[in-house]
Amino acid sequence: LQRPEFLDREEWAQILGDSLSSSLSLLVGSRSFLVSGILKAQEKNSLLNPTLLDLLYSLEDVFREKDVYKDYRDVVLSRIMYLAQLKLFRGSGQDYDKLLNNNIIVDLSGFGSLEARVLFYFLFSLIYSKGSKQSNQKYTIVVDDAHSLFDVNLEKQPEQGWSFIHQYIAKMRELGISLIL
């Protein structure tokens with residue numbers, strides 16, 4: 001959960017909260033719990049970059065403080081725990097400058113649908129936040145195996161949180177970023 005230098009703690013928590021709640025198809029209210037958990041994990045690990053496991057422990061505290069319904073809490077925590085166990089999310093951090101200042105090729109082969117959605121949503125959110133701060137940034141994103149991003153059931157039911165693809169494609173065009181699927 002390493003924070004890029006161009007974002008402050010709150011902006012970063014908002015991006016991660018949006019990315020996780022939307023890509024994991026959580027209820028709308030989950031975003032505020034996730035943001036609180038991310039901020040709490042950052043406070044506890046001020047010298048290190050918090051991990052998804054740190055977020056999981058912080059979310060448990062947030063849910064306890066807010067007296068959240070047990071079944072709902074269990075759903076959110078189990079989805080974060082699932083992500084924390086994936087090799088993709090156990091890295092030591094990203095070089096965001098390198099990632100965001102070059103054209104990007106994303107190969108989604110080998111990823112499950114959930115992992116692909118989390119990765120893609122996070123990448124789009126990060127690029128959009130940087131692009132809105134630097135309007136002259138122009139580059140191309142190529143996504144191989146993009147069919148794993150689309151779920152027919154969720155596209156038919158945008159209230160479940162997966163209509164982002166249409167919104168982000170329009171936003172990317174506004175920023176001059178080309179997307180090839």
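Residues numbered from 1 in each chain as written. Predicted model: local features only at pLDDT ≥ 70, side-chain atom pairs only at ≥ 80, totals over all residues. Heavy atoms only, no water.

Looking at the sheet that holds strand 1 (residues 104–107)
One key point about sheets: their strands pair by backbone hydrogen bonds, in either a parallel or an antiparallel sense.
Right, so step 1: The strand order across the open sheet built from three strands is 1-2-3, with neighbouring strands paired in parallel fashion. Strands with a single pairing partner mark the edges of an open sheet, and in this sheet they are strand 1 and strand 3 (178–180). Geometrically, the sheet is characterised by an average inter-axis angle of 15° between neighbouring strands, direction not taken into account.
Right, so step 2: Relative to strand 3, strand 2 (residues 140–144) runs parallel, the two sharing three bridges. Bridge pairing in strand 3 links Val-142 to Ile-180. (Pairing = 2+ DSSP bridges. Helix = DSSP H or I, 4+ residues; strand = E, 2+ residues; numbered from the N terminus. Axes fitted to C-alpha atoms, helices over the stretch in contact; angles between N-to-C directions.)

Points about the environment of Gln-14
Right, so step 1: Along the chain, Gln-14 falls in helix 1 (residues 9–23).
Right, so step 2: Through-space distance from the C-alpha of Gln-14 to that of Ser-36 is 9.4 Å; in sequence the pair is 22 residues apart.
Right, so step 3: Those residues in contact with Gln-14 that sit more than four places away from it in its chain are Arg-31 and Val-35. (Contact = heavy atoms within 4.5 Å.)

Observations regarding the pattern of salt bridges
Right, so step 1: With the rule as written, the count across this model stands at seven salt bridges.
Right, so step 2: A salt bridge links Arg-9 to Glu-43; its shortest N-O distance comes to 3.7 Å. Of this pair, Arg-9 sits in helix 1 while Glu-43 sits in helix 2 (residues 30–44), and the two are 34 residues apart along the sequence.
Right, so step 3: With a shortest N-O distance of 2.2 Å, Asp-18 and Arg-31 are connected by a salt bridge. Of this pair, Asp-18 sits in helix 1 while Arg-31 sits in helix 2, and the two are 13 residues apart along the sequence.
Right, so step 4: Beyond isolated ion pairs, a larger network of salt bridges with shared partners links Lys-44, Asp-61 and Arg-64. (Salt bridge = Lys/Arg side-chain N within 4 Å of Asp/Glu carboxyl O.)

Here's the deal with the nonpolar core
Right, so step 1: Core analysis: the largest hydrophobic core is formed by 47 residues, its most contacted members being Leu-20, Leu-59, Phe-63, Ile-80, Ile-127, Ile-141 and Val-143.
Right, so step 2: Elements supplying a minimum of two residues to this core: helix 1, helix 2, helix 3 (52–66), helix 4 (70–85), strand 1, helix 6 (113–133) and strand 2.
Right, so step 3: Once residues lying within four places of it in the same chain are set aside, the contact partners of Ile-80 are Leu-20, Leu-24, Leu-34, Leu-52, Leu-55, Leu-56 and Leu-59. (Core = buried A, V, L, I, M, F, W, Y, C linked by side-chain atoms within 4.5 Å. Buried < 20%, exposed > 50% of the residue type's maximum accessible area, 1.4 Å probe, protein only.)

Description of the confidence of the model for the chain
Right, so step 1: Of all residues in the chain, 80% have pLDDT values of 70 or greater, and the mean over the chain is 77.
Right, so step 2: In the model of the chain, helix 7 (residues 152–156) stands out as the element of lowest mean pLDDT, 57, in contrast to helix 2, which has the highest, 88. (pLDDT = per-residue confidence, 0-100.)

A word on the side chain of Ser-58
Right, so step 1: Within the element layout of this structure, Ser-58 appears in helix 3.
Right, so step 2: Ser-58 has contacts with Gly-37, Lys-40, Ala-41 and Lys-44, leaving out every residue within four places of it along the chain.

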